[in-house]
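Topology and contacts: notes
Residue-level listing of the chains:
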Amino acid sequence: MYCTRKITEGITWIGGSDRRLALFENLFPIPRGVAYNSYLILDEATAVIDTVDSSISRQFFENIQHTLNGRTLDYLIVNHMEPDHCANIAELLLRYPNMKVVGNAKTFCMINQFYGIELKDDQTIVVKEGDSLSLGKHKLSFYFAPMVHWPEVMVAYEETEKILFSADAFGSFGALNGNIFNDELDFDKDWLDDARRYYGNIVGKYGPQVQMALKKLSSLDIAVICPLHGPVWRNDLGYLLEKYDIWSKYEPEEKSVAILYASMYGDTENAANVLAVKLAEAGVKNIAMHDVSSTHVSELIGEVFRCSHLVLAAPTYNNGIYPAMLNFLHDCKALNLQNRTIGLIENGTWGPVAAKQMKEILDGLKNMNVLEPVVTLKSALNDASMEQLEKLADAIAASLAE
(Lines give C-alpha, C1' and ligand atoms only; values in the text may rest on other atoms or scores of the structure.)
Protein backbone atom coordinates (compact mmCIF):
# COMPACT_ATOMS: atom_id res chain seq x y z
CA MET A 1 0.00 0.00 0.00
CA TYR A 2 1.20 3.50 -0.82
CA CYS A 3 2.81 5.73 1.83
CA THR A 4 3.36 9.27 0.57
CA ARG A 5 3.31 12.87 1.76
CA LYS A 6 2.77 16.12 -0.06
CA ILE A 7 5.71 18.53 -0.15
CA THR A 8 3.54 21.02 -2.06
CA GLU A 9 0.36 20.55 -4.08
CA GLY A 10 2.34 19.45 -7.13
CA ILE A 11 5.31 17.71 -5.49
CA THR A 12 5.06 14.50 -3.46
CA TRP A 13 7.53 12.61 -1.27
CA ILE A 14 7.52 9.00 -2.50
CA GLY A 15 10.39 7.62 -0.45
CA GLY A 16 10.53 5.23 2.47
CA SER A 17 12.67 3.98 5.34
CA ASP A 18 14.69 0.87 6.10
CA ARG A 19 14.82 -0.02 9.81
CA ARG A 20 16.31 -3.47 9.23
CA LEU A 21 19.65 -2.34 7.81
CA ALA A 22 22.38 -2.48 10.47
CA LEU A 23 25.26 -0.84 8.61
CA PHE A 24 25.02 2.02 6.11
CA GLU A 25 27.44 1.34 3.23
CA ASN A 26 28.10 -1.87 5.21
CA LEU A 27 30.28 0.29 7.45
CA PHE A 28 28.42 2.82 9.63
CA PRO A 29 26.04 1.61 12.38
CA ILE A 30 22.51 2.99 11.96
CA PRO A 31 20.51 1.85 15.00
CA ARG A 32 17.68 4.22 13.99
CA GLY A 33 17.66 2.98 10.39
CA VAL A 34 17.82 5.24 7.35
CA ALA A 35 15.40 7.02 5.04
CA TYR A 36 15.65 6.97 1.25
CA ASN A 37 13.91 10.01 -0.18
CA SER A 38 12.49 10.31 -3.66
CA TYR A 39 10.13 12.93 -5.06
CA LEU A 40 7.55 13.07 -7.84
CA ILE A 41 6.45 16.24 -9.63
CA LEU A 42 3.02 16.29 -11.28
CA ASP A 43 2.59 18.94 -13.97
CA GLU A 44 1.95 18.93 -17.71
CA ALA A 45 4.80 16.44 -17.61
CA THR A 46 5.70 14.15 -14.70
CA ALA A 47 9.15 13.62 -13.19
CA VAL A 48 10.68 11.48 -10.47
CA ILE A 49 13.70 12.97 -8.68
CA ASP A 50 16.06 10.04 -7.98
CA THR A 51 15.01 6.52 -7.04
CA VAL A 52 15.67 4.58 -3.81
CA ASP A 53 17.58 1.61 -2.45
CA SER A 54 16.49 -1.85 -3.56
CA SER A 55 15.46 -2.68 0.02
CA ILE A 56 12.33 -0.52 -0.33
CA SER A 57 11.62 -0.98 -4.05
CA ARG A 58 8.12 -2.37 -3.47
CA GLN A 59 7.11 0.67 -1.39
CA PHE A 60 8.67 2.98 -3.97
CA PHE A 61 6.71 1.59 -6.91
CA GLU A 62 3.44 1.53 -4.96
CA ASN A 63 4.03 5.18 -4.10
CA ILE A 64 4.70 6.08 -7.74
CA GLN A 65 1.67 4.20 -9.02
CA HIS A 66 -0.63 5.86 -6.50
CA THR A 67 0.75 9.35 -7.10
CA LEU A 68 0.64 9.10 -10.88
CA ASN A 69 -2.97 7.83 -10.65
CA GLY A 70 -2.97 6.38 -14.14
CA ARG A 71 -0.62 8.87 -15.76
CA THR A 72 2.67 7.82 -17.32
CA LEU A 73 6.11 8.89 -16.11
CA ASP A 74 7.86 11.29 -18.49
CA TYR A 75 11.20 11.94 -16.81
CA LEU A 76 13.59 10.48 -14.27
CA ILE A 77 16.06 13.03 -12.88
CA VAL A 78 19.26 11.35 -11.66
CA ASN A 79 21.11 13.70 -9.34
CA HIS A 80 23.31 11.02 -7.76
CA MET A 81 24.36 7.58 -8.94
CA GLU A 82 25.11 5.86 -5.64
CA PRO A 83 23.15 2.56 -5.59
CA ASP A 84 21.03 3.53 -2.58
CA HIS A 85 19.48 6.15 -4.88
CA CYS A 86 19.66 4.61 -8.34
CA ALA A 87 18.84 0.95 -7.75
CA ASN A 88 15.47 1.19 -9.53
CA ILE A 89 16.49 2.86 -12.79
CA ALA A 90 16.31 -0.35 -14.81
CA GLU A 91 12.91 -1.30 -13.40
CA LEU A 92 11.51 2.19 -14.09
CA LEU A 93 12.66 1.89 -17.70
CA LEU A 94 10.81 -1.43 -18.01
CA ARG A 95 7.62 -0.02 -16.49
CA TYR A 96 7.74 3.30 -18.33
CA PRO A 97 9.57 2.61 -21.63
CA ASN A 98 8.92 6.11 -22.97
CA MET A 99 10.50 7.77 -19.91
CA LYS A 100 13.53 9.95 -20.55
CA VAL A 101 16.46 9.82 -18.13
CA VAL A 102 17.97 13.22 -17.26
CA GLY A 103 21.56 13.42 -16.05
CA ASN A 104 25.02 14.62 -16.94
CA ALA A 105 27.69 12.84 -18.98
CA LYS A 106 29.18 11.13 -15.90
CA THR A 107 25.71 9.96 -14.86
CA PHE A 108 25.24 7.88 -17.98
CA CYS A 109 28.73 6.43 -17.77
CA MET A 110 27.92 5.18 -14.26
CA ILE A 111 24.51 3.81 -15.30
CA ASN A 112 26.33 1.63 -17.79
CA GLN A 113 28.97 0.63 -15.25
CA PHE A 114 26.46 -0.40 -12.60
CA TYR A 115 23.70 -1.91 -14.71
CA GLY A 116 25.12 -2.55 -18.18
CA ILE A 117 22.45 -0.29 -19.71
CA GLU A 118 23.33 1.48 -22.95
CA LEU A 119 20.60 4.09 -23.24
CA LYS A 120 19.73 5.36 -26.70
CA ASP A 121 19.92 9.06 -27.53
CA ASP A 122 16.12 9.36 -27.58
CA GLN A 123 15.98 7.95 -24.03
CA THR A 124 18.31 10.51 -22.50
CA ILE A 125 18.67 14.22 -21.85
CA VAL A 126 22.28 15.13 -21.07
CA VAL A 127 22.42 18.38 -19.12
CA LYS A 128 25.23 20.80 -18.48
CA GLU A 129 25.70 23.37 -15.72
CA GLY A 130 22.73 25.77 -15.66
CA ASP A 131 20.57 23.85 -18.13
CA SER A 132 16.83 23.78 -17.48
CA LEU A 133 13.92 21.41 -18.05
CA SER A 134 10.33 22.67 -18.17
CA LEU A 135 7.58 20.42 -16.88
CA GLY A 136 4.83 23.03 -17.35
CA LYS A 137 4.43 25.37 -14.40
CA HIS A 138 7.45 23.77 -12.79
CA LYS A 139 10.94 24.35 -14.17
CA LEU A 140 14.04 22.50 -13.02
CA SER A 141 17.51 24.00 -13.34
CA PHE A 142 20.61 21.89 -12.79
CA TYR A 143 23.79 22.81 -10.94
CA PHE A 144 26.80 20.56 -10.60
CA ALA A 145 28.21 19.74 -7.14
CA PRO A 146 31.15 17.44 -7.93
CA MET A 147 32.59 15.48 -5.00
CA VAL A 148 29.67 16.25 -2.72
CA HIS A 149 30.40 13.47 -2.43
CA TRP A 150 30.73 11.67 -5.82
CA PRO A 151 32.07 13.24 -9.03
CA GLU A 152 28.78 13.08 -10.96
CA VAL A 153 26.61 14.77 -8.31
CA MET A 154 24.30 17.56 -9.36
CA VAL A 155 21.36 19.26 -7.68
CA ALA A 156 18.04 20.32 -9.20
CA TYR A 157 16.37 23.62 -8.33
CA GLU A 158 12.64 24.02 -8.98
CA GLU A 159 12.19 27.70 -9.72
CA THR A 160 8.42 28.15 -9.26
CA GLU A 161 8.17 26.78 -5.71
CA LYS A 162 11.84 27.48 -4.86
CA ILE A 163 12.67 23.90 -3.95
CA LEU A 164 16.21 22.52 -3.94
CA PHE A 165 16.58 18.79 -4.55
CA SER A 166 19.99 18.53 -2.94
CA ALA A 167 21.13 14.93 -3.55
CA ASP A 168 23.20 13.66 -0.59
CA ALA A 169 23.88 17.15 0.74
CA PHE A 170 21.96 18.14 3.90
CA GLY A 171 21.12 14.51 4.66
CA SER A 172 21.16 12.48 7.86
CA PHE A 173 21.12 8.94 9.14
CA GLY A 174 17.82 7.89 10.72
CA ALA A 175 14.49 6.51 9.52
CA LEU A 176 11.55 8.88 9.10
CA ASN A 177 8.60 8.08 11.32
CA GLY A 178 5.78 9.77 9.43
CA ASN A 179 7.05 13.23 10.33
CA ILE A 180 9.21 13.99 7.30
CA PHE A 181 9.55 17.77 7.81
CA ASN A 182 12.10 19.42 10.09
CA ASP A 183 9.44 21.52 11.82
CA GLU A 184 7.62 18.33 12.88
CA LEU A 185 10.73 17.08 14.73
CA ASP A 186 12.95 18.01 17.65
CA PHE A 187 15.99 18.20 15.39
CA ASP A 188 18.55 19.24 18.00
CA LYS A 189 17.50 16.46 20.37
CA ASP A 190 16.81 13.60 18.00
CA TRP A 191 18.59 14.32 14.71
CA LEU A 192 21.60 16.64 15.05
CA ASP A 193 24.05 13.97 16.21
CA ASP A 194 23.12 11.70 13.28
CA ALA A 195 23.23 14.61 10.81
CA ARG A 196 26.69 15.55 12.05
CA ARG A 197 27.89 11.95 11.97
CA TYR A 198 26.48 11.58 8.45
CA TYR A 199 28.23 14.73 7.27
CA GLY A 200 31.56 13.97 8.94
CA ASN A 201 31.85 10.39 7.71
CA ILE A 202 30.15 10.59 4.31
CA VAL A 203 30.96 14.11 3.09
CA GLY A 204 33.60 15.32 5.57
CA LYS A 205 36.61 14.72 3.34
CA TYR A 206 35.28 17.17 0.76
CA GLY A 207 35.02 20.42 2.71
CA PRO A 208 36.40 22.64 -0.10
CA GLN A 209 33.91 21.15 -2.58
CA VAL A 210 31.06 21.71 -0.12
CA GLN A 211 32.16 25.32 0.27
CA MET A 212 32.09 25.75 -3.52
CA ALA A 213 28.60 24.27 -3.67
CA LEU A 214 27.35 26.51 -0.85
CA LYS A 215 28.65 29.59 -2.65
CA LYS A 216 27.00 28.49 -5.88
CA LEU A 217 23.67 27.84 -4.17
CA SER A 218 23.76 31.13 -2.26
CA SER A 219 22.52 32.90 -5.38
CA LEU A 220 19.28 30.86 -5.37
CA ASP A 221 16.12 31.81 -3.49
CA ILE A 222 15.50 28.53 -1.65
CA ALA A 223 12.32 27.91 0.38
CA VAL A 224 12.55 24.11 0.80
CA ILE A 225 15.49 21.68 0.81
CA CYS A 226 14.71 18.10 -0.20
CA PRO A 227 17.69 15.81 0.51
CA LEU A 228 17.99 12.12 -0.33
CA HIS A 229 18.28 11.07 3.34
CA GLY A 230 16.65 12.47 6.46
CA PRO A 231 14.13 15.28 7.02
CA VAL A 232 12.87 17.72 4.40
CA TRP A 233 13.63 21.30 5.46
CA ARG A 234 10.83 23.80 4.92
CA ASN A 235 11.78 26.47 7.50
CA ASP A 236 14.81 27.65 9.47
CA LEU A 237 17.09 26.92 6.51
CA GLY A 238 19.74 29.25 7.93
CA TYR A 239 20.29 26.81 10.79
CA LEU A 240 21.08 23.95 8.40
CA LEU A 241 23.19 26.06 6.06
CA GLU A 242 25.22 27.40 8.99
CA LYS A 243 25.96 23.86 10.19
CA TYR A 244 27.20 22.89 6.73
CA ASP A 245 29.29 26.05 6.50
CA ILE A 246 30.95 25.33 9.87
CA TRP A 247 31.52 21.64 9.21
CA SER A 248 32.89 22.19 5.70
CA LYS A 249 35.36 24.79 6.99
CA TYR A 250 36.48 22.23 9.60
CA GLU A 251 35.67 24.71 12.32
CA PRO A 252 34.52 23.26 15.66
CA GLU A 253 30.80 23.47 16.20
CA GLU A 254 31.20 23.96 19.95
CA LYS A 255 33.86 25.01 22.44
CA SER A 256 33.96 21.70 24.25
CA VAL A 257 36.24 18.82 25.21
CA ALA A 258 36.07 15.21 24.10
CA ILE A 259 38.36 12.75 25.86
CA LEU A 260 38.97 9.75 23.59
CA TYR A 261 40.88 6.98 25.29
CA ALA A 262 42.12 3.43 24.74
CA SER A 263 42.96 1.29 27.71
CA MET A 264 44.07 -2.34 27.98
CA TYR A 265 43.76 -2.92 31.72
CA GLY A 266 42.22 0.30 33.03
CA ASP A 267 45.25 2.44 33.89
CA THR A 268 45.02 4.73 30.86
CA GLU A 269 41.26 4.95 31.41
CA ASN A 270 41.95 5.96 35.01
CA ALA A 271 44.15 8.82 33.81
CA ALA A 272 41.38 9.92 31.44
CA ASN A 273 38.87 9.90 34.29
CA VAL A 274 41.18 11.88 36.55
CA LEU A 275 41.71 14.45 33.79
CA ALA A 276 37.95 14.76 33.33
CA VAL A 277 37.54 15.54 37.03
CA LYS A 278 40.37 18.09 36.92
CA LEU A 279 38.72 19.80 33.93
CA ALA A 280 35.33 19.83 35.67
CA GLU A 281 36.92 21.39 38.75
CA ALA A 282 38.38 24.06 36.45
CA GLY A 283 34.86 24.93 35.29
CA VAL A 284 34.71 22.96 32.02
CA LYS A 285 31.16 21.70 31.34
CA ASN A 286 29.62 19.01 29.13
CA ILE A 287 32.81 16.94 28.86
CA ALA A 288 32.42 13.94 26.53
CA MET A 289 34.30 10.68 27.06
CA HIS A 290 34.57 7.73 24.69
CA ASP A 291 36.43 4.43 24.80
CA VAL A 292 37.77 4.12 21.25
CA SER A 293 37.73 0.32 21.54
CA SER A 294 33.99 0.12 22.16
CA THR A 295 32.73 3.25 20.38
CA HIS A 296 32.39 2.96 16.61
CA VAL A 297 34.85 5.18 14.81
CA SER A 298 32.01 6.96 12.97
CA GLU A 299 30.70 8.16 16.35
CA LEU A 300 34.18 9.43 17.21
CA ILE A 301 34.38 11.31 13.91
CA GLY A 302 31.02 12.93 14.63
CA GLU A 303 32.38 14.01 18.01
CA VAL A 304 35.52 15.61 16.58
CA PHE A 305 33.45 17.60 14.07
CA ARG A 306 31.58 18.97 17.10
CA CYS A 307 34.35 19.65 19.63
CA SER A 308 37.08 22.27 19.66
CA HIS A 309 39.37 20.35 22.04
CA LEU A 310 40.29 16.67 21.97
CA VAL A 311 42.31 14.60 24.40
CA LEU A 312 43.77 11.42 22.94
CA ALA A 313 44.95 8.86 25.49
CA ALA A 314 46.47 5.55 24.40
CA PRO A 315 48.93 2.89 25.48
CA THR A 316 51.91 1.84 23.41
CA TYR A 317 51.22 -1.43 21.61
CA ASN A 318 53.76 -3.44 19.62
CA ASN A 319 56.02 -0.39 19.72
CA GLY A 320 53.28 1.69 18.15
CA ILE A 321 49.88 3.24 18.78
CA TYR A 322 47.14 1.07 20.25
CA PRO A 323 45.24 -0.25 17.16
CA ALA A 324 41.82 1.25 17.91
CA MET A 325 43.37 4.70 18.40
CA LEU A 326 45.48 4.28 15.27
CA ASN A 327 42.36 3.44 13.28
CA PHE A 328 40.65 6.56 14.59
CA LEU A 329 43.64 8.75 13.66
CA HIS A 330 43.75 7.26 10.17
CA ASP A 331 40.08 8.20 9.72
CA CYS A 332 40.83 11.74 10.93
CA LYS A 333 43.56 12.00 8.31
CA ALA A 334 41.41 10.51 5.56
CA LEU A 335 38.62 13.01 6.34
CA ASN A 336 40.97 16.04 6.42
CA LEU A 337 40.22 16.96 10.02
CA GLN A 338 41.67 20.40 10.83
CA ASN A 339 41.69 23.26 13.30
CA ARG A 340 41.56 21.44 16.64
CA THR A 341 43.42 21.75 19.95
CA ILE A 342 44.81 18.45 21.20
CA GLY A 343 46.02 17.05 24.51
CA LEU A 344 48.01 13.80 24.49
CA ILE A 345 48.34 11.09 27.12
CA GLU A 346 50.48 8.01 26.53
CA ASN A 347 51.17 4.89 28.54
CA GLY A 348 53.95 2.33 28.31
CA THR A 349 55.45 0.00 30.87
CA TRP A 350 58.94 -0.07 29.37
CA GLY A 351 58.95 2.02 26.18
CA PRO A 352 56.13 4.59 25.80
CA VAL A 353 56.13 5.90 22.21
CA ALA A 354 52.40 6.34 21.49
CA ALA A 355 52.37 10.13 22.00
CA LYS A 356 55.30 10.69 19.66
CA GLN A 357 53.64 8.63 16.94
CA MET A 358 50.21 10.23 17.49
CA LYS A 359 51.84 13.66 17.16
CA GLU A 360 53.52 12.61 13.90
CA ILE A 361 50.10 11.81 12.44
CA LEU A 362 48.59 15.02 13.80
CA ASP A 363 51.48 17.02 12.32
CA GLY A 364 50.26 15.88 8.90
CA LEU A 365 46.92 17.60 9.47
CA LYS A 366 46.29 21.33 9.18
CA ASN A 367 46.22 23.66 12.19
CA MET A 368 46.34 21.02 14.89
CA ASN A 369 47.63 22.65 18.07
CA VAL A 370 49.13 20.05 20.44
CA LEU A 371 49.22 21.37 23.99
CA GLU A 372 52.03 20.90 26.47
CA PRO A 373 52.74 18.97 28.51
CA VAL A 374 52.33 15.54 26.95
CA VAL A 375 51.42 13.23 29.82
CA THR A 376 53.47 10.04 30.05
CA LEU A 377 52.42 7.15 32.29
CA LYS A 378 54.77 4.31 33.14
CA SER A 379 52.16 1.59 33.68
CA ALA A 380 49.96 3.68 36.00
CA LEU A 381 49.53 7.16 37.40
CA ASN A 382 52.07 8.26 39.97
CA ASP A 383 53.00 11.58 41.54
CA ALA A 384 55.10 12.69 38.56
CA SER A 385 52.46 11.86 35.91
CA MET A 386 49.72 13.30 38.12
CA GLU A 387 51.59 16.62 38.09
CA GLN A 388 51.75 16.46 34.28
CA LEU A 389 48.02 15.68 34.16
CA GLU A 390 47.20 18.70 36.32
CA LYS A 391 49.27 20.95 34.06
CA LEU A 392 47.51 19.57 30.97
CA ALA A 393 44.12 20.24 32.59
CA ASP A 394 45.22 23.84 33.26
CA ALA A 395 46.43 24.22 29.66
CA ILE A 396 43.11 22.93 28.25
CA ALA A 397 41.07 25.17 30.53
CA ALA A 398 43.18 28.20 29.59
CA SER A 399 42.85 27.40 25.89
CA LEU A 400 39.07 27.11 26.19
CA ALA A 401 38.95 30.48 27.91
CA GLU A 402 40.79 32.24 25.07
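This text follows the structure it describes.
From a predicted model like this one, the values you see are computed outputs, not experimental measurements. (Residues numbered from 1 in each chain as written. Predicted model: local features only at pLDDT ≥ 70, side-chain atom pairs only at ≥ 80, totals over all residues. Heavy atoms only, no water.)

To continue, consider the sheet that holds strand β16 (residues 224–226). An order of β12-β13-β14-β15-β16 is seen for the five strands of this open sheet, with the pairing classed as mixed. If you trace the sheet from one side to the other, it starts and ends with β12 (132–134) and β16, each paired once. Pairs of neighbouring strands in the sheet enclose a mean axial angle of 20°, with direction left out of account. In the sheet, β12 pairs with strand β13 (residues 139–144) via three bridges, with the strands oriented antiparallel. Note on β13: the bridge partner recorded for Leu 133 is Leu 140. (Pairing = 2+ DSSP bridges. Helix = DSSP H or I, 4+ residues; strand = E, 2+ residues; numbered from the N terminus. Axes fitted to C-alpha atoms, helices over the stretch in contact; angles between N-to-C directions.)

Our next topic: empty space enclosed by the protein. Applying the stated criterion to the full structure yields two cavities of 30 Å³ or more. Put simply, the largest cavity is a space of about 120 Å³. The wall of the largest cavity is formed by 15 residues, among which Ala 145, Ala 169, Phe 170, Ala 213 and Leu 217 lie closest to the centre. Those elements that provide at least two residues to the lining of the largest cavity are β13 and α7 (207–217). (1 Å grid on protein atoms, 1.4 Å probe; cavity = no way out; pocket = protein on both sides within 12 Å on 5 of 7 lines; lining within 4 Å. Points joined across faces, edges and corners; volume = space filled by probe spheres on them.)

Judged by side-chain polarity, Met 264, Tyr 265 and Tyr 317 come together as a nonpolar surface patch covering roughly 370 Å² of accessible area. Along the polypeptide, Tyr 265 turns up in the loop between β17 (254–261) and α9 (267–281). (Patch = residues over 30% accessible without salt bridge, like charges linked within 9 Å, V, L, I, M, F, W, Y side chains within 5 Å. Areas by Shrake-Rupley, 256 points an atom, 1.4 Å probe, with all protein chains shown as cover. Salt bridge = Lys/Arg side-chain N within 4 Å of Asp/Glu carboxyl O.)

This part takes up the sheet that holds strand β1 (residues 5–8). Spatially, seven strands are ordered β1-β2-β7-β8-β9-β10-β11 in an open sheet, and the strand pairing comes out mixed. Two strands close off the open sheet at either side, each with one partner strand: β1 and β11 (124–126). Adjacent strand axes in the sheet meet at a mean angle of 25°, parallel and antiparallel pairs treated alike. The sheet contact formed by strand β9 (residues 75–77) and strand β10 (residues 100–103) spans three bridges and is parallel. The residue of β10 that forms the bridge with Leu 76 is Val 101.

Bringing the pairing of strand β19 (residues 307–317) into the picture now. Every other side chain in a regular strand lies on the same face of the sheet, so the side chains alternate between the two faces. Burial analysis of β19 places ten of its eleven residues in the buried class, the great majority of the element. Relative to β19, β17 is paired through six bridges, and the arrangement is parallel. The residue bridging Tyr 261 from the neighbouring strand is Ala 313, located in β19. Sheet topology note: the β19/strand β21 (residues 340–347) ladder contains seven bridges and is parallel. Within β21, the residue paired with Leu 312 across the bridge is Leu 344. (Buried < 20%, exposed > 50% of the residue type's maximum accessible area, 1.4 Å probe, protein only.)

To continue, consider the packing of α7 against helix α8 (residues 237–248). With their axes 8 Å apart at the nearest point, α7 and α8 run at an angle of 145° to one another. For the pair α7 and α8, the sense of crossing is left-handed. Taken together, the residues of α8 that come into contact with α7 (itself represented by Gly 207, Pro 208, Val 210, Gln 211 and Leu 214) are Leu 241, Tyr 244, Asp 245 and Ser 248. For the contact of α7 with α8, the per-class residue count stands at five nonpolar, three polar and one charged. (Left-handed = near helix turned anticlockwise from the far one by under 90°. Contact = heavy atoms within 4.5 Å. Nonpolar A, V, L, I, M, F, W, Y, C, P; charged D, E, K, R; others polar.)

By themselves, these figures tell us nothing about what the structure is for.
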